[in-house]
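A look at the structure
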Amino acid sequence: MSAMEVRNPRTGQYDYSFYAATAEEVGKMADRARAAQRQWAERGLEYRTQVLMAWADALKTQGADIVAALSVDTARTRISEEELDAVIHFIHGFCEAAPEVLATPFRKVASHPDVVFKVTYVPYSLVGVISPWNFPLVLSFIDAIPALVAGAAVIIKPSEVTPRFVEPLRKTIEAVPGLKDILQLVQGGASTGQALVAKADAVVFTGSIPTGRKIAVAAAEAFIPAFLELGGKDAAVVLEGADVERAATSILRSALYNSGQVCYAIERVYAHASLHDRLVEAMVRQAATLKRSLAAGDGGHYGPMIFSRQGAIIDAQLDDAVAKGARIVSGGKSQTVDGAVWIDPTIVVGVSHEMTLMTEETFGPIVPVMKFSSEDEAERLMNDSQFGLSGAVFGPDSHVAGNFALKMEAGGVSINDTELPRVMMFDGEKTAFKQSGMGGSRYGATSLLRYVRKRALLANEGAVPPLSKLEETPL
Ligand code: NAD
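Predicted, not measured: the structure shown is a model, and the values here were computed from it. (Residues numbered from 1 in each chain as written. Predicted model: local features only at pLDDT ≥ 70, side-chain atom pairs only at ≥ 80, totals over all residues. Heavy atoms only, no water.)

Right, let's get into the pairing of strand β2 (residues 14–20). As paired strands, strand β1 (residues 2–7) and β2 are joined by six bridges and run antiparallel to one another. Paired with V6 across the two strands is Y16, which belongs to β2. Turn length for the β1-β2 hairpin, with the two strands adjacent in sequence and antiparallel, is six residues, and the turn residue G12 shows positive phi of about 80°. (Pairing = 2+ DSSP bridges. Helix = DSSP H or I, 4+ residues; strand = E, 2+ residues; numbered from the N terminus.)

Time to look at the UniProt feature "domain: Aldehyde dehydrogenase" (unreviewed entry) in the chain. UniProt records the feature "domain: Aldehyde dehydrogenase" (unreviewed entry) for residues 4–453 in the present numbering. Secondary structure across residues 4–453 comprises 41% helix and 21% strand; the distance between its end C-alpha atoms is 37 Å. (UniProt positions renumbered as here; feature names shortened; annotations may be inferred.)

The next point concerns empty space enclosed by the protein. One pass over the structure, following the stated rule, counts one cavity of 30 Å³ or more. Of the voids in this model, the largest cavity is the one considered here, and its volume is about 70 Å³. Looking at the largest cavity, it is lined by 14 residues, and the ones nearest its centre are R268, M382, F387, S390 and E409. When residues of the lining of the largest cavity are traced back to their parent elements, those giving at least two are β10 (234–238), α14 (375–383) and β17 (387–388). The class makeup of the residues in the lining of the largest cavity is six nonpolar, four polar and four charged. (1 Å grid on protein atoms, 1.4 Å probe; cavity = no way out; pocket = protein on both sides within 12 Å on 5 of 7 lines; lining within 4 Å. Points joined across faces, edges and corners; volume = space filled by probe spheres on them. Nonpolar A, V, L, I, M, F, W, Y, C, P; charged D, E, K, R; others polar.)

What follows is about the nonpolar core. Membership of the largest hydrophobic core comes to 90 residues, with the highest contact counts inside it found for W55, V127, F141 and L179. By residue number, the principal contributor to this core is helix α4 (residues 78–101), which donates twelve residues. For this core, the domains that each give at least three residues are domain 1 (2–230 + 436–459) and domain 2 (234–423). Discounting residues that sit within four places of it in the chain, V127 has contacts with A147, A152, A153, V154, I155, A202, V204 and Y451. Of all hydrophobic cores here, the second largest spans 28 residues; its members include A235, A326, I343 and M370. (Core = buried A, V, L, I, M, F, W, Y, C linked by side-chain atoms within 4.5 Å. Buried < 20%, exposed > 50% of the residue type's maximum accessible area, 1.4 Å probe, protein only. Domains from an automatic or database assignment. Contact = heavy atoms within 4.5 Å.)

Under the UniProt annotation, the feature "active site" (unreviewed entry) is placed at E229. Among the structural elements, E229 can be located in strand β9 (residues 226–229). The residues touching E229, leaving out its near neighbours within four places in the chain, are F205, T206, G207, S436, R442 and R450.

What follows covers the site of the ligand. Taken together, the neighbourhood of the ligand is formed by 29 residues, with S131, E160, S208, L230 and E361 sitting nearest. In this structure, an oxygen atom belonging to the ligand sits 2.9 Å away from a side-chain N or O atom of W133. Separating an oxygen atom of the ligand from a side-chain N or O atom of K157 is a distance of 3.0 Å. Protein chains shield 89% of the accessible area of the ligand, which is 860 Å² for the free molecule. Cavity membership is defined here by more than half of the atoms lying within 2 Å of grid points; on that basis the ligand lies in the second largest pocket. Those elements that provide at least two residues to the shell around the ligand are α8 (190–199), β8 (202–206) and α9 (209–222). Looking at side-chain class alone, the shell around the ligand contains twelve nonpolar, eleven polar and six charged residues. Built from parts of two domains, the shell around the ligand gets at least three residues from each of domain 1 (2–230 + 436–459) and domain 2 (234–423). (Near = heavy atom within 4 Å. Polar contact = N/O pair within 3.5 Å; in protein donor to acceptor, adjacent residues only side chain to side chain. Areas by Shrake-Rupley, 256 points an atom, 1.4 Å probe, with all protein chains shown as cover. Sits in = over half its atoms within 2 Å of the grid points.)

Let us now look at the packing of aromatic side chains. A full pass over the atoms with the stated rule returns seven aromatic pairs. Aromatic side chains W55 and F141 sit 5.5 Å apart centroid to centroid with 50° between the ring planes, which places their arrangement in the tilted category. On the criterion of sequence distance, the pair formed by W55 in helix α2 (residues 44–61) and F141 in helix α5 (residues 138–141) is long-range, its members being 86 residues apart. In this pair, the class of W55 matches that of F141, namely buried. In this structure an aromatic cluster arises from ring pairing among W133, F307 and F363. It is R43 that lies over the ring of Y47; its NZ or CZ is 4.0 Å from the centre. In this arrangement the basic side chain of K430 is found over the ring face of Y443, its NZ or CZ atom lying 5.4 Å from the centre. (Phe/Tyr/Trp six-rings, centres within 6.5 Å; stacked < 30°, edge-to-face > 60°. Lys NZ or Arg CZ within 6 Å of the ring centre and 35° of its normal.)

Read from one edge to the other, the open sheet built from six strands follows the order β7-β6-β5-β8-β9-β21, with strand pairing classed as mixed. Looking at which strands have only one partner, the edges of the open sheet turn out to be β7 (183–185) and β21 (437–438). With two bridges joining them, β9 and β21 adopt antiparallel strand pairing. Note that in β21 the partner of E229 across the bridge is G437. Strand contacts of α9: β5 (126–130), β8 and β9, with the helix running at about 175° to β8, the strand carrying the most contacts. (Axes fitted to C-alpha atoms, helices over the stretch in contact; angles between N-to-C directions.)

Position of P123 among the secondary structure elements: in strand β4 (residues 112–123). P123 sits in the buried class, given a relative accessible area of 13%. Each C-alpha atom of the pair P123 and D201 lies 9.9 Å from the other, and the pair is 78 residues apart in sequence. Not counting residues within four places of it along the chain, the set of residues in contact with P123 comprises Q37, A41, A150, G151, A152, Y451, V452 and R453.

As structure tokens, then:
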């Protein structure tokens, strides 16, 4: 066991610590989870739903401590409350959807009238979940909950950057009989994550592309499925005839929410030459109405950066862009004030794909805007990326924008708005394209099926073909 120190993003002080679990400890947790999982699966969906609903109630009654812990680690209060609400919503949503998605009726087909069969679902025994720091609670449970509903046991390794919610959350799990071995949280950094991958039967990872690649390799060696939810560089394309004020507001909402520390944040904007200057003017004007939140509940709009290293990454991208001819028209590089790293909403023009600001993930409140003259050029630029998470298209109407959206190499495209795949998460299924991820959709109720294998049971109610007809046995 080794102690890990945790930084407070508002003060810059390291004022919390925890012990990272060793591989041996992860192994013991995995043994407990596997032993409990058999009953968890066998007692059926109704039982699992009852237990999970009881946990949702515990989260409601004991949620204040979780929100308080999250608020310290992330320097935000309202979003922390929303994270807790979202987890409760996931529990209800997946439990409600499961009877239909996991139904296994008997079937017959005309081509083989004597055979009655059904396809049954066999959950993986242990699903490992590894999550990042930008939405510590939601991204720990968005996959854990469908896995539990499907009948798997789950061990979650949250990010070592934002671990304070773990202790109060464990109390809610312990308050519910039947849950504590089935749903466990293990703390630590990379080596604890590696130990979890080595013990799991399936792994879900949310984080950066370089770590995702390592996990994919480890999972391939262990012969287990890996579902990867990785980085993004979402493009917004504003076509000729689009409503400029609407596009400006919607793009800023996406780019600046949680100070841009969001995988599906709009990180590059392509604006038709006829409206480029008006769009930039509207974004600068609208962004100027936003202010820093220096303390919880003070009416500010954005907090300091959660992970201090983000400041240096963003500064380097801005330096590179300016050195290559870009111009910052509002905001600018990071500022450290009383230990907190602040980046104000920043709009940059005169950018090109020679700049890392347009090609690598920024993960901050930076909005680079590039001019295009034809739809062919816009298509080439928006798809000139290693990423394919999601994006947005603004046009004169949904039809024109929707037709253009079909050309975007991304898993979810909002039309005349941003972030709609997240808003519609139980219905708008999507997969990540390119290096933004791998595996079936995490959105939509059918994500329950990620955590099961299919076992077909087939009964022949007719005669067995005689041996004399061996050569005529149908394929
Ligand atoms: P990260 O890759 O540094 O770490 C993520 C998690 O992996 C942490 O818990 C970390 O401890 C663990 N880890 C690190 N090395 C490991 C290893 N070798 N084996 C096993 N586990 C290991 O990512 P981060 O900085 O925490 O998160 C930011 C990234 O996450 C961004 O790239 C962002 O786009 C991405 N993200 C993606 C989504 C999505 O849904 N696609 C959502 C949120 C964040």
